[in-house]
Amino acid sequence: MRLTRAAVLARAKAAALDGVRRLNCWGSRLTDISICRDLPNIEVITFSVNGISDLEPLNQCQNLSELYLRNNNIASLNELFYLKNLPRLRVLWLSENPCCGSDPHRYRMTVLRNLPSLQKLDNQAVTEEELSQALVDGEEITAPPARRNVENGCPESIESSAAESTTETESELLNFRLEETNKIREELGMKPVPRDKFSSFSPRETDCNRKRRNNVLNAILLLMKELDAESLEIVQQTVGRRLQALQKKELQEE
């Protein structure tokens, strides 16, 4: 799915693209972020939980300081080539992408060797010792990744995820939802939700419905931070009416 100009302006509550400073598109099924080439003043981008595989459009975001790309379809660490010339980039969350591979040390060292100005990587502070070690253990990236067919890549990832989900037990799915929620809360600087306070799900739901509901819930949690007092009151009133309707429905079913 392509991120459009209209969507950017609506989410950022801006009148023009050069006025966009923060953009939150968590869980929006995005694959094409070419619009980022037209965001010269963007400072914080949240693209976690999408299908993004190409970071070239971010190369133009010279004011970017925080970039959240967790859980996408980024296949190669060579995509870091497009982030190397971003002078203000200090926070990067890239975990849960195919490019992370099976060796977490090599992954972290390679990222830090190519982006030595980072202060936090994958929600962990970067140390001077790590930066020094990265010069030895990390791989220097000097060229962009080979051209590939992005459209053909995304369906494979989706199909793979669906196949894996069929082997998960209900307990594992619950752990996944709790982990996803807490990772988003960490991105927002919020405290994690204890397991005993995390609502369970109905075993009758399909995997698709569970994941969709989880994405909606986490998207709402993210958007709540953007609302002012007046907007929050409207949300509170709407939630109250919705709860009353659900309770009434449950009584009628009984």
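In case you missed it, the structure is sitting above this.
Scope of this entry: the structure provided in the associated data block. Since we're looking at a predicted model, the values are computed, not measured.

Each value, and the rule that gives it
- Residues numbered from 1 in each chain as written.
- Predicted model: local features only at pLDDT ≥ 70, side-chain atom pairs only at ≥ 80, totals over all residues.
- Heavy atoms only, no water.
- Helix = DSSP H or I, 4+ residues; strand = E, 2+ residues; numbered from the N terminus.
- Buried < 20%, exposed > 50% of the residue type's maximum accessible area, 1.4 Å probe, protein only.
- Areas by Shrake-Rupley, 256 points an atom, 1.4 Å probe, with all protein chains shown as cover.
- Core = buried A, V, L, I, M, F, W, Y, C linked by side-chain atoms within 4.5 Å.
- Contact = heavy atoms within 4.5 Å.
- Pairing = 2+ DSSP bridges.
- Polar contact = N/O pair within 3.5 Å; in protein donor to acceptor, adjacent residues only side chain to side chain.
- Phe/Tyr/Trp six-rings, centres within 6.5 Å; stacked < 30°, edge-to-face > 60°.
- Lys NZ or Arg CZ within 6 Å of the ring centre and 35° of its normal.
- Axes fitted to C-alpha atoms, helices over the stretch in contact; angles between N-to-C directions.
- Parallel < 35°, antiparallel > 145°, perpendicular 65-115°, else oblique.
- Nonpolar A, V, L, I, M, F, W, Y, C, P; charged D, E, K, R; others polar.

1. Section: the overall build of the chain
Move 1: Counting its regular elements, the chain contains seven helices and six strands.
Move 2: Mapped from its N terminus to its C terminus, the chain presents α and β elements in the order α-β-β-β-β-α-β-β-α-α-α-α-α.
Move 3: Within the chain, the proportion of its 254 residues that are buried is 37%.
Move 4: As displayed, the chain has an accessible area near 14,900 Å², and 50% of this comes from carbon and sulfur atoms.

2. Thoughts on the nonpolar core
Grouped burial of nonpolar side chains is what soluble globular proteins tend to show.
Move 1: With 45 residues, the main nonpolar core has Phe47, Leu83, Leu92, Leu94 and Val111 as its most contacted residues.
Move 2: For this core, the elements supplying multiple residues, two or more each, are helix H1 (5-12), helix H2 (104-114) and helix H3 (128-137).
Move 3: Among the elements that line this core, the one with the most residues is H2, at four residues.
Move 4: Contacts of Leu94, omitting those with residues within four sequence positions, involve Leu69, Arg70, Ile74, Leu77, Leu80, Cys99, Cys100, Tyr107, Val111 and Asp122.

3. Here's the deal with the sheet that holds strand E5 (residues 120-121)
Move 1: If you walk across this open sheet you meet the six strands as E1-E2-E3-E4-E5-E6, and the pairing is mixed. With partners counted over all chains shown, the strands left at the sheet margins are strand E1 (22-24) and strand E6 (124-125), one partner each.
Move 2: In the sheet, strand E3 (residues 66-68) pairs with strand E4 (residues 91-93) via three bridges, with the strands oriented parallel. Among the inter-strand pairings, Leu67 is bridged to a residue of E4, identified as Leu92.

4. Here we look at the side chain of Asn50
Move 1: The topology assignment puts Asn50 in the loop between strand E2 (44-46) and E3.
Move 2: Among the polar contacts made by the side chain of Asn50, one reaches the main-chain carbonyl oxygen of Cys25 at a distance of 2.9 Å.
Move 3: A distance of 3.1 Å separates a polar side-chain atom of Asn50 from the backbone oxygen of Ser48.
Move 4: When near neighbours in sequence (up to four residues on either side) are disregarded, Asn50 contacts Cys25, Trp26, Gly27, Ser28, Arg29, Leu30, Asn71, Asn72 and Asn73.

5. Some details on the environment of Leu131
Move 1: Looking at the secondary structure, you find Leu131 in helix H3.
Move 2: The spacing of Leu131 and Arg113 is 18 residues in sequence and 6.8 Å in space, taken between C-alpha atoms.
Move 3: Apart from residues lying up to four places away in sequence, Leu131 is in contact with Leu112, Pro116 and Val126.

6. As for the packing of aromatic side chains
Move 1: In the structure shown here, the tally under the stated rule is two aromatic pairs.
Move 2: Seen in terms of ring centroids, Tyr68 and Trp93 are 6.5 Å apart; in terms of plane orientation they differ by 55°. Their pairing is tilted. Remark: Trp93 occurs in strand E4 and Tyr68 occurs in strand E3; sequence separation between them is 25 residues. The same class applies to Tyr68 and to Trp93, which are both buried.
Move 3: Over the ring of Trp93 we find Arg70; its NZ or CZ atom is 5.7 Å from the centre of that ring.

7. A short note on H2
Move 1: Of the residues making up H2, those classed as buried are Tyr107, Arg108, Met109, Thr110, Val111, Leu112 and Asn114.
Move 2: Buried residues along H2 sit in contact with E4, E5, E6 and H3.
Move 3: The N-cap of H2, judged by a side-chain oxygen 3.2 Å from the amide nitrogen of His105 a few residues on, is Asp103.

8. Regarding the packing of H2 against H3
Move 1: H3 packs onto H2 with a crossing angle of 100° between their chain directions and a minimal axis gap of 8 Å. When the interaxial angle is binned, H2 and H3 end up roughly perpendicular. Taken together, the residues of H3 that come into contact with H2 (itself represented by His105, Arg108, Met109, Leu112 and Arg113) are Glu130, Leu131, Gln133, Ala134, Leu135 and Asp137.
Move 2: Partitioning the contact of H2 with H3 into residue classes produces five nonpolar, two polar and four charged.

9. Overview of unusual backbone geometry
Working note: non-glycine residues mostly have negative phi, and peptide bonds are mostly trans.
Move 1: One non-glycine residue, Lys13, lies in positive phi territory at about 55°.
Move 2: Within the secondary structure, Lys13 is located in the loop between H1 and E1.
Move 3: With a relative accessible area of 62%, Lys13 lands in the exposed category.
Move 4: A positive phi angle, near 65°, is found at Glu96, a position not held by glycine.
Move 5: Along the chain, Glu96 falls in the loop between E4 and H2.

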